[in-house]
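In case you want the letters, here they are:
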Amino acid sequence: MKKFISLVMCLSLVLTLVACGQNQTSSASAEPAAESEAPQASGESFELALVTDLGTIDDKSFNQGAWEGLVKYAQQNGKTYKYYQPQEAGTNAYFETIELAIEGGAKLVVCPGYLFEEPVYLAQQSYPDIHFVLLDGEPHNADYSDYVTGTNTMPILYQEDQAGFLAGYAAVKDGNTKLGFMGGMAVPAVIRFGLGYVQGIDVAAKELGVDCEVVYNYTGQFAATPEAQSMAASWYNAGTQVVFGCGGAVGNSVMSAAEGKNQQEGSFVAKVIGVDVDQYSESDTVITSAMKMLANSVYDAISWYYDGTFKGGQTTVFNVQNDGVGAAMDHAKFDTFTKADYDEVYNRLKNGEWDLMNNTDNADPSTALTLSNTKVTYIQ
Amino acid sequence: MQLLYFLIQQTLLFMIPLLITALGGMFSERSGVVNIALEGIMVMGAFTSILFLNFTQGFMSGNLQLLIAIVIAMVTGIVFSLFHAIAAVNLKADQTISGTALNMFAPAFAIFIARIIQGVQQINFNNTFRIVEVPILSKIPVIGDMLFKNSYITTYIGFLILIIATIVLYKTKFGLRLRACGENPQAANAAGISVEKMQYAGVILSGALAGLGGLVFVVPTSTNFNATVSGYGFLAVAVLIFGQWKPKYILLAAFFFGFMKALSNSYASIPFLFELNIQSYIYKMVPYVATILVLIFTSKHSSAPKASGIPFDPMQR
């Protein structure tokens, strides 16, 4: 018996190894597809670099959006470019990866995500000749006591409240009155999305003369959990028509719940609003997305660097004024809300018709906002 | 009523993986081997079977695909649990340590292999397995709405496993011998039972069921597998203890845990509960507080298998 079992174990070990071997060869053939965008020659240096945030370059979110902008500029202007993926999360690992990019010849490093605030704070001092573009954050030290933006650093912030506003406005104008918001952690970017979303709902409700209800929750993490899925399912079950899944993989839980509800009902009753990038490809339930135009802003930042007009030392805000945020219309699944309607509200927002509240001190919109036609149910 | 049905349906999603995995743990502990590697085995089972779903989506779908995935999850669980069996039974190692080792190994392995194969650690799958309603059975009043609508085939497999496990444990020669090895392996040995063989059987059964539990956990609740089962393996251990190592109590414990989970997520949609204004943390805490209380009050007369966790030494009489 013993002999037989040890034989089985040996076999399973060997088979695992064989399987691994096969995987490696298959990945080797798949690799060029992923990396082919970057010039392959060894010993060459890469002028433009991107260090990825948590997740990979094809995360359909921050990394991918920023990378697309970088690739677009580099290909148009014949620059060399490459991305680097940190081995683990954390300031040290990110800082080391930035150093790796600089050793690889990078003159400008794009750092997508607020997790780079500290690494860039350190790197901008250690490498004054290198330029940094920091998306969605401002450099600061570990305990937030010191905010310094070096002249070689360009932090970019987005007015998420405007993107949320457009998405919420469009959803209500399209005939929905029961809506939901499921955020990740209550970090400033997520709070701004949420506040803008509720304000957009209220404005549209006022214009249509209807009353809207919003269920509102921060799940506390940027992960797809059964809990988030179950909560979203309970909202859809209670009649909620559209849920804004705002927080990385939280959106996947919302989409899963929406797919379940639609399949159960046999009609398109549960809809999802995506976030950051156009998430239409993730699920058929996504009707639009509240977007940050990551590619545009990275493209602009890099072109300013080469023009000699790099806006270092100060924070640049991207909003509707410079087409830095918006709602996705290319693959939108609205019934009645058209591109013309969208352009109209976009221009009104641009012209300053609404002064949006985007102070993130209070994350609860039911107390932070004064609303006329909207009732917000805030779930702790 | 509609709300109650919905709540039960949600409860089942949380409860079935806990039930299946805890029953697996029961077989292992009843044979005398502590298995805290349930978490790691769930991860491995979910990993290989979701990978299979990912590879075959497009030309396979529906419940046939799911059934094959179930077999794959169980086989993976068995193979993975054999490491634990060798350490615990042949090498007489500390069972907590080898279990911990497997728990740490599994997610790292899953991420590593997933990245080699597809470059991304999240493995996507299409959920084509939802059963909107079971013909005929869904027409039964009350029960039809609760159990036979908006469900998964795995729900019924879970209950089937419960019934089979109860029969095997209490009504068969094998079950009697398994329980004997967990209570007094020396006596069992003297009666001519191969303790090693029984313990291997216990661990293998736990591996198969925990591997299946991992798949059952991931499929209804997400659109991808990200090398984690969110601590449900450890929760299953709690269910096992709360259920006093007996199938019928394990069922109740799993239902209790599942129901509180479902309640903590959907209480906001239930008007009278929302007006009570109790924070969701309270609902989330209840099962754990209850587990501690049960342990306090039952520890004197705990029905834990007496030899569970002690490496078998035939010379010790």
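Please read all numbers here as calculations on a predicted model, not as lab measurements.

### Quick word on the overall build of chain B
And then number 1: Assigned secondary structure in chain B consists of 13 helices and four strands.
And then number 2: For a compact globule of 317 residues, the expected C-alpha radius of gyration is about 20 Å, and chain B comes in at 20 Å, within 12% of that figure.
And then number 3: With respect to the three principal axes, the spread of C-alpha positions in chain B is 60 × 50 × 40 Å.
And then number 4: Per-residue burial over chain B gives 51% buried out of 317 residues.
And then number 5: The contacts in chain B between residues at least 6 apart in sequence include a share of 77% that link residues at least 24 apart.

### Let's talk about the sheet that holds strand β5 (residues 153-158) of chain A
Strand pairing within a sheet occurs via backbone hydrogen bonds; the two strands may be parallel or antiparallel.
Residues and elements named next belong to chain A.
And then number 1: Strand order in the open sheet formed by six strands is β2-β1-β3-β4-β5-β11, and the pairing between neighbours is parallel. Both outer strands of the open sheet, β2 (81-84) and β11 (316-318), are each paired with one neighbouring strand and no more. For this sheet the average axis-to-axis angle between neighbouring strands, irrespective of direction, equals 20 degrees.
And then number 2: Alignment of strand β3 (residues 108-112) against strand β4 (residues 131-135), held across five bridges, turns out to be parallel. Along β4, the bridge assignment pairs P112 with L135.
And then number 3: Each of β3, β4 and β5 is contacted by helix α4 (residues 117-126), which is oriented at about 165 degrees to β4, the strand it contacts most.

### A few points about the nonpolar core
And then number 1: L70 and V133 of chain A together with L18, A46 and V239 of chain B are the most contacted members of the largest nonpolar core, which has 200 residues in total.
And then number 2: Shared between two domains, this core holds at least three residues of each, these being domain 1 (48-158) and domain 2 (160-292 + 325-379) of chain A.
And then number 3: Core analysis: the second largest hydrophobic core is formed by seven residues, C181, A188, M198 and F312 of chain B among them.

### Brief notes about the domain arrangement of chain A
Where the parts come together, the accessible area they lose is often given as the size of the interface.
Residues and elements named next belong to chain A.
And then number 1: The domains assigned to chain A are domain 1 (48-158) and domain 2 (160-292 + 325-379).
And then number 2: Relative placement of domain 1 and domain 2: their C-alpha centres are 29 Å apart.
And then number 3: Opposite the seven residues of domain 1 that make contact, domain 2 presents nine residues.
And then number 4: The element that contributes the greatest number of residues to the side of domain 1 that touches domain 2 is helix α2 (residues 62-77), accounting for three residues.
And then number 5: A per-class count over the side of domain 1 that touches domain 2 returns two nonpolar, three polar and two charged.

### Structural notes on helix α13 (residues 280-298) of chain B
And then number 1: The terminal C-alpha atoms of α13 of chain B lie 28 Å apart, and with 19 residues this matches the ideal 27 Å at 1.5 Å per residue to within 8%.
And then number 2: When the local axis directions of α13 of chain B are compared, the greatest deviation, roughly 35 degrees, occurs at V286 of chain B, which is followed within four positions by the proline P287 of chain B.

### Observations regarding the confidence of the model for chain A
And then number 1: Per-residue pLDDT for chain A averages 86, and the proportion of residues at 70 or more is 89%.
And then number 2: Across residues 17-41 of chain A, where pLDDT falls below 50, the model places twelve contacts with residues more than four positions away in sequence or in other chains.

### Focus on the interface of chain A and chain B
And then number 1: Across the contact, 33 residues belong to chain A and 30 residues belong to chain B.
And then number 2: Among the elements of the structure, α1 (2-35), α7 (226-237), α8 (250-265) and β13 (374-379) of chain A are those that each provide at least two residues to the side of chain A that touches chain B.
And then number 3: No other element matches α7 of chain A, which puts nine residues into the side of chain A that touches chain B.
And then number 4: Among the residues making up the side of chain A that touches chain B, the classes are represented as twelve nonpolar, 18 polar and three charged.

### Some thoughts on the environment of L51 of chain B
And then number 1: Of note, L51 of chain B is situated in helix α2 (residues 38-56).
And then number 2: Here the alpha-carbon distance between L51 of chain B and I167 of chain B, two residues 116 residues apart in the chain, equals 33 Å.

### Here we look at the pairing of strand β9 (residues 271-276) of chain A
A regular strand places its side chains on the two faces of the sheet in alternate fashion.
All names here are of chain A.
And then number 1: With six of six residues buried, β9 is to be regarded as a mostly interior element.
And then number 2: Both strand β8 (residues 242-246) and β9 contribute to a ladder of three bridges, which runs parallel. Each residue of the ladder has a partner; that of V242, found in β9, is K271.
And then number 3: Crossover β8 to β9 through α8 is right-handed.
And then number 4: Bridge analysis of β9 against strand β10 (residues 286-292) gives five bridges, and the strand direction is parallel. By the bridge assignment for β10, G274 is matched with S289.

### A short note on the pairing of strand β7 (residues 212-218) of chain A
All names here are of chain A.
And then number 1: β7 sits mainly inside the fold: six of its seven residues count as buried.
And then number 2: The sheet contact formed by strand β6 (residues 178-183) and β7 spans six bridges and is parallel. Across the sheet, residue G183 finds its bridge partner in β7, namely Y218.
And then number 3: Note that the unit made of β6, helix α6 (residues 188-208) and β7 has a crossover that is right-handed.
And then number 4: Examined bridge by bridge, β7 and β13 share six bridges and lie parallel to one another.

### What about the sheet that holds β10 of chain A?
All names here are of chain A.
And then number 1: The sheet built from seven strands is open, its strands ordered β12-β10-β9-β8-β6-β7-β13 with mixed pairing. Edge positions in the sheet fall to β12 (325-327) and β13, since each has one partner strand and no second. Sheet twist, expressed as the average angle between the axes of neighbouring strands with direction ignored, equals 15 degrees.
And then number 2: Here β10 pairs with β12 via three bridges, running antiparallel. Looking across to β12, one finds that K292 is bridged to V325.

### Observations regarding helix α3 (residues 62-90) of chain B
Residue and element names in this part refer to chain B.
And then number 1: Here α3 is 29 residues long and its end C-alpha atoms lie 41 Å apart, about the 42 Å a rise of 1.5 Å per residue gives.
And then number 2: At H84, α3 shows its largest bend, some 30 degrees.
And then number 3: Positive phi shows up at K92, right after α3, with a value of about 55 degrees.

### Overview of the environment of F62 of chain A
Residue and element names in this part refer to chain A.
And then number 1: Assignment of secondary structure puts F62 in helix α2.
And then number 2: On the neighbour-count criterion, F62 (23 C-beta atoms within 10 Å) is buried.
And then number 3: Sequence separation between F62 and E259 is 197 residues, and the spatial gap between their C-alpha atoms is 25 Å.
And then number 4: Beyond its immediate chain neighbours, meaning those up to four positions away, F62 contacts D53, P112, G113, L135, D276 and L294.

### As for the packing of α2 of chain A against helix α9 (residues 294-307) of chain A
In a pair of packed helices, the angle between the axes and the distance between the axes together describe the arrangement.
All names here are of chain A.
And then number 1: Where α2 contacts α9, the two axes come as close as 7 Å, and the packing angle between them is 40 degrees. In terms of orientation, α2 lies oblique with respect to α9. Helix-helix and strand crossings are classified by hand; for α2 and α9 the assignment is right-handed. Between α2 and α9, the residues in contact are F62, G65, A66, E68, G69, L70, K72 and Y73 and L294, A295, N296, S297, V298, Y299, I302 and S303, respectively.
And then number 2: Looking at the contact of α2 with α9, its residues break down into nine nonpolar, five polar and two charged.

About the cut-offs
- Counting of residues starts from 1 at the beginning of each chain's written sequence and follows it residue by residue.
- Think of it this way: whatever chain is written first is A, whatever ligand is written first is 1, and the rest follow in order.
- Two thresholds apply to this predicted model, a pLDDT of at least 70 for residue-level local features and 80 or more for giving and counting side-chain atom pairs, whereas whole-chain, interface and lining totals are computed over all residues.
- A run of H or I in DSSP becomes a helix once it reaches four residues, and a run of E becomes a strand once it reaches two; helices and strands are each numbered from the N terminus.
- This radius of gyration counts C-alpha atoms alone. The globule rule is 2.2 Å times how many residues there are, raised to the power 0.38.
- Put simply, a residue is buried when 20 or more other C-beta atoms lie within 10 Å of its own C-beta and exposed when 12 or fewer do; between those, it is partly exposed, and each C-beta is set from the backbone.
- A pair of residues counts as a contact when their C-beta atoms, built from backbone coordinates, are separated by no more than 7 Å.
- Being paired, for any two strands, means DSSP has found at least two bridges between them.
- The axes are straight lines fitted to the C-alpha atoms, using for helices just the contacting stretch, and the angles between their N-to-C directions are given from 0 to 180°.
- Note on terminology: a nonpolar core is any set of buried Ala, Val, Leu, Ile, Met, Phe, Trp, Tyr and Cys residues joined through C-beta atoms within 7 Å.
- Note that the domain bounds reflect an automated or database-derived domain assignment.
- The nonpolar class holds Ala, Val, Leu, Ile, Met, Phe, Trp, Tyr, Cys and Pro. Asp, Glu, Lys and Arg form the charged class, and all remaining residues, Gly among them, are polar.
- Take the number of residues in a helix, subtract one, and multiply by 1.5 Å to get its expected span.
- We define the bend at any residue as the angle between the axes fitted to the seven residues before and including it, ending there, and the seven starting there.
- pLDDT is a per-residue confidence score from the predictor, ranging from 0 to 100.
- The path from the first strand over the helix to the second decides the hand: if it runs clockwise while the strands point away from the viewer, the crossover is right-handed.
- Angles below 35 degrees are treated as roughly parallel, those above 145 as roughly antiparallel, those between 65 and 115 as roughly perpendicular, and all remaining angles as oblique.
- Should the near helix be turned anticlockwise from the far one by less than a right angle, the crossing is termed left-handed; should it be turned clockwise, right-handed.

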